[in-house]
Amino acid sequence: MTSPILVTGGTGTLGRRVVPRLRAAGRDVRVLSRHGRADEDGIRCLTGDLATGEGPVVPVPAGWRVQPIDPGEVADRLVALALGAPAGLVAEVGGPRIYELAALVRGYLRAGGTRRPILPVRLPGNANRAYRAGANLAPHRAVGRRTWEDFLAERVSPGTRSSGGQAGPSVKTSPQ
Ligand SMILES: NC(=O)c1ccc[n+]([C@@H]2O[C@H](COP(=O)([O-])OP(=O)(O)OC[C@H]3O[C@@H](n4cnc5c(N)ncnc54)[C@H](OP(=O)(O)O)[C@@H]3O)[C@@H](O)[C@H]2O)c1
């Protein structure tokens, strides 16, 4: 059995031509756009906004990894640096573990009691290439102690999505 193909923007100038071709090839299609349409045979229409993340799917940059760190630990370090002797360029600090961003978002949603499909979106550009290559990570400096799982257990419970003040997927700090 083949899985359905998601056509983002499937109601637009291009998408309207892609969808019937996929149907002609025997594939079931999901169409995502901001303004809903009626379903047709083999075509299920989903409403969502890829720019804001509102809707049935959660867009996540494909291939990104993150190394969340507890902001309290970062604050401790920043204050120690500010109060200490001038240190010049200091070592980076990163959280204790590295996660695929999609897995991290999935866990976050699940901890809040929701299940929504994650849609990896491949982004263009140099910044995206750098993220995909892990330029935002500090694997050699995984010195943070509080894990993402600790955060989820303590701060995100079903129906309480806002965590107020946790690191979230902030990645690393490079106090300089
Ligand atoms: N047509 C061309 O000549 C051409 C050439 C080169 C590249 N492209 C690129 O191909 C893509 C499609 O072009 P097109 O001409 O088909 O554009 P279009 O006619 O404007 O269609 C855009 C589609 O995307 C949906 N959409 C727009 N913003 C969205 C959002 N934030 N979240 C979810 N869905 C959204 C629209 O539906 P809703 O408004 O209901 O959301 C619509 O289905 C674009 O990226 C365009 O830059 C087009």
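It should be emphasised that the depicted structure is a prediction, and the values quoted were computed from it without experimental measurement.

## Looking at the overall build of the protein
1) Next: A tally of helices and strands in the protein yields 5 helices and 9 strands.
2) Next: When the helices and strands of the protein are read in sequence order from the N terminus, they spell out β-α-β-β-β-β-α-β-β-α-β-α-α-β.
3) Next: Relative to its 176 residues, the protein shows a buried fraction of 19%.
4) Next: Sequence separation of 24 or more characterises 68% of the internal contacts of the protein that already satisfy a separation of 6 or more.

## Things to note about the site of the ligand
1) Next: Near the ligand there are 16 residues, and of these Gly9, Gly12, Leu14, Ser33 and Arg34 occur at the shortest range.
2) Next: In terms of residue class, the shell around the ligand is built from 4 nonpolar, 10 polar and 2 charged.

## A look at the confidence of the model for the protein
1) Next: Taken as a whole, the protein shows an average pLDDT of 86; of its residues, 88% reach a score of 70 or greater.
2) Next: When the elements of the protein are averaged for pLDDT, strand β9 (residues 172-173) gives the smallest value, 38, and strand β5 (residues 65-66) the largest, 97.
3) Next: Overall, residues 161-176 carries pLDDT values under 50, and its contacts beyond four positions in sequence, including any with other chains, amount to 42 contacts.

## Some thoughts on the pairing of strand β1 (residues 5-8)
1) Next: Bridge count for β1 against strand β2 (residues 29-33) is 4 bridges, and the pairing is parallel. What sits directly across from Val7, in β2, is Val31.
2) Next: The parallel pair β1 and β2, bridged by helix α1 (residues 15-24), forms a crossover whose chirality is right-handed.

## Here's the deal with the sheet that holds strand β3 (residues 43-47)
1) Next: Taken in spatial order, the 3 strands of this open sheet run β1-β2-β3, and their pairing is parallel. The open sheet has two free edges, formed respectively by β1 and β3, since each of these has just one partner strand. Here the strands of the sheet are splayed against their neighbours by 25° on average, with no regard to which way each runs.
2) Next: Bridge count between β2 and β3: 5 bridges; the pairing is parallel. Following the sheet pairing, Val31 is matched in β3 by Cys45.
3) Next: Running at roughly 165° to β2, α1 makes contact with β1, β2 and β3 of the sheet.

What counts as what
Residues numbered from 1 in each chain as written. Predicted model: local features only at pLDDT ≥ 70, side-chain atom pairs only at ≥ 80, totals over all residues. Helix = DSSP H or I, 4+ residues; strand = E, 2+ residues; numbered from the N terminus. Buried ≥ 20, exposed ≤ 12 C-beta atoms within 10 Å, placed from the backbone. Contact = placed C-beta atoms within 7 Å. Near = placed C-beta within 6 Å. Nonpolar A, V, L, I, M, F, W, Y, C, P; charged D, E, K, R; others polar. pLDDT = per-residue confidence, 0-100. Pairing = 2+ DSSP bridges. Right-handed = clockwise from strand over helix to strand, strands pointing away. Axes fitted to C-alpha atoms, helices over the stretch in contact; angles between N-to-C directions.

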